[in-house]
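A closer look at the structure
For reference, the chains in residue letters:
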Amino acid sequence: MHFSSLLPAFSLFVIGASACPGSQYGFIPPKPTDSRGPCPALNALSNHGYLPRDGQNITIRSVLQASLDVYNIDPAVLVGVAKLGLLTSNEPDTFSLSDLALHEVIEFDASLSREDFAIGDNNKFNETIFETLADANPGVNYYNITSAGKVQEQRLAISERTNPNITNTDKEFGFRSFTSALYLAVLGNVTTGVAPKSIFVQIWFREERLPYAEGWQRPEKILDPTSVSTLTGAVQAASNWVTSGGCPYLRQGPGAAPTLDSQAICKQLDSLTRGK
Ligand code: HEM
Ligand SMILES: *[C@@H]1O[C@H](CO)[C@@H](O)[C@H](O)[C@H]1NC(C)=O
Ligand SMILES: *[C@@H]1O[C@H](CO)[C@@H](O)[C@H](O)[C@H]1NC(C)=O
Ligand SMILES: *[C@@H]1O[C@H](CO)[C@@H](O)[C@H](O)[C@H]1NC(C)=O
Ligand SMILES: *[C@@H]1O[C@H](CO)[C@@H](O)[C@H](O)[C@H]1NC(C)=O
Ligand SMILES: *[C@@H]1O[C@H](CO)[C@@H](O)[C@H](O)[C@H]1NC(C)=O
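Thresholds applied
Residues numbered from 1 in each chain as written. Chains lettered and ligands numbered in written order. Predicted model: local features only at pLDDT ≥ 70, side-chain atom pairs only at ≥ 80, totals over all residues. Heavy atoms only, no water. Patch = residues over 30% accessible without salt bridge, like charges linked within 9 Å, V, L, I, M, F, W, Y side chains within 5 Å. Areas by Shrake-Rupley, 256 points an atom, 1.4 Å probe, with all protein chains shown as cover. Salt bridge = Lys/Arg side-chain N within 4 Å of Asp/Glu carboxyl O. Helix = DSSP H or I, 4+ residues; strand = E, 2+ residues; numbered from the N terminus. Buried < 20%, exposed > 50% of the residue type's maximum accessible area, 1.4 Å probe, protein only.

1. Some details on a nonpolar patch on the surface
Among the surface-exposed residues, V140, Y142 and V194 lie close enough to one another that they form a single nonpolar patch of about 190 Å² accessible area. With respect to the helices and strands, the residue V140 is situated in the loop between α6 (127–134) and β1 (142–143).

Laid out in structure tokens, this is it:
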């Protein structure tokens, strides 16, 4: 891949051409022993071999490079979340895809395609959960900022109803809206926030496959921090969000102090501030 900086056009050709089944970057579904996680984007990168197919030993550099090569995402957009990924791992400088499911490092409640941690499997794609997004924006064949905001609102309402342990603060709101902006931008258009439904977004979520065969291409314009945060803000504005109370907290690692302790401290602080 060292040629890529010298010959960008050539490397693009290599990436596009080699995505055919059977080639180096062809789609191969994971074996039962492969690690997969709550992030459809990274699972897809492993399913195509842009990240290790076993989903293990992922470094910050490798995940940023693969996201740039395949999704044309500026590393500056992802470096923060990639570093948080290391907190989910027991290794000093790598994580596996399933590590990322560690609740309340990045992984949050009211996701688009996974059950809440307290209720079920927060790691694996779930069609029932995904239905809200799948059925959104009826009558047209694309998702957009309005539908993405509505989906977040509906998914949150379902979690509030079914999950007594829900965590829904600024932190989760920020991450949720960021992931919505990412699917709209990467599978659609970062400027308009419009992304094709069945041929791109649904295939990507359900099969964790890059929809090259359906006509998807790497976004031609790099997704930089400014364009992604503008789109994130637009989704936030369209989602009618309200907190469920409590304060944001960050779990520090797999063996770190129990999540519930920090939540209890948070609740105390929250009640003190609310009293004022
Ligand atoms: C630096 C690398 C990345 C890390 C460490 C990471 C981590 C995660 C984690 C932990 C989740 C689970 C959140 C949850 O739903 O509870 C997630 C979800 C998600 N990620 Fe990533 N991610 C990365 C890169 C990307 C990229 C490049 C994209 C888009 C191309 C992306 C799109 C998404 C989407 C759409 C979801 C939402 C899934 C859902 O709500 O069901 N991520 N990611
Ligand atoms: C890869 O990751 C696994 C699981 O974390 C670990 O046991 C193994 O030692 C790692 N291998 C390398 C070469 O780093
Ligand atoms: C949910 O909250 C209850 C009450 O705080 C606690 O006993 C239980 O362990 C929590 N469950 C999970 C999965 O966090
Ligand atoms: C998917 O999520 C729904 C709603 O939480 C749940 O009833 C169902 O058992 C889950 N399916 C699987 C295969 O885990
Ligand atoms: C999204 O699409 C729906 C259905 O066509 C439309 O009513 C809505 O105005 C669109 N939102 C934006 C921001 O264009
Ligand atoms: C995104 O939409 C804008 C505005 O309609 C358009 O100028 C641009 O070419 C589109 N970009 C892509 C990659 O389709």
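The discussion continues.
2. Some details on unusual backbone geometry
Of note, N72 is a non-glycine position whose phi angle comes to about 55 degrees, a positive value. For N72, the location among the structural elements is in the loop between α4 (60–71) and α5 (75–87). Here N72 falls in the buried class, since its relative accessible area comes to 5%. You will see that N240, though not glycine, has its phi angle at about 55 degrees, which is positive. Note that N240 resides in the loop between α10 (225–237) and α11 (259–275).

3. A few points about the pattern of salt bridges
The full count for this structure, using the stated rule, is five salt bridges. K171 serves as the salt-bridge partner of E104, at 3.0 Å between the closest nitrogen and oxygen. Of this pair, E104 sits in the loop between α5 and α6 while K171 sits in helix α8 (residues 170–187), and the two are 67 residues apart along the sequence. Looking at E104, the relative accessible area reads 1%, which means it is buried. For K171, a relative accessible area of 17% puts it in the buried group. With its nearest N and O atoms 2.9 Å apart, the salt bridge here joins R114 to E208. Residue R114 is located in the loop between α5 and α6, and its partner E208 is located in the loop between α9 (197–207) and α10; the two are separated by 94 residues in the primary sequence. Overall, the relative accessible area of 11% leaves E208 in the buried class. Taken together, the shared-partner salt bridges connect E207, R209 and E214 into one network.

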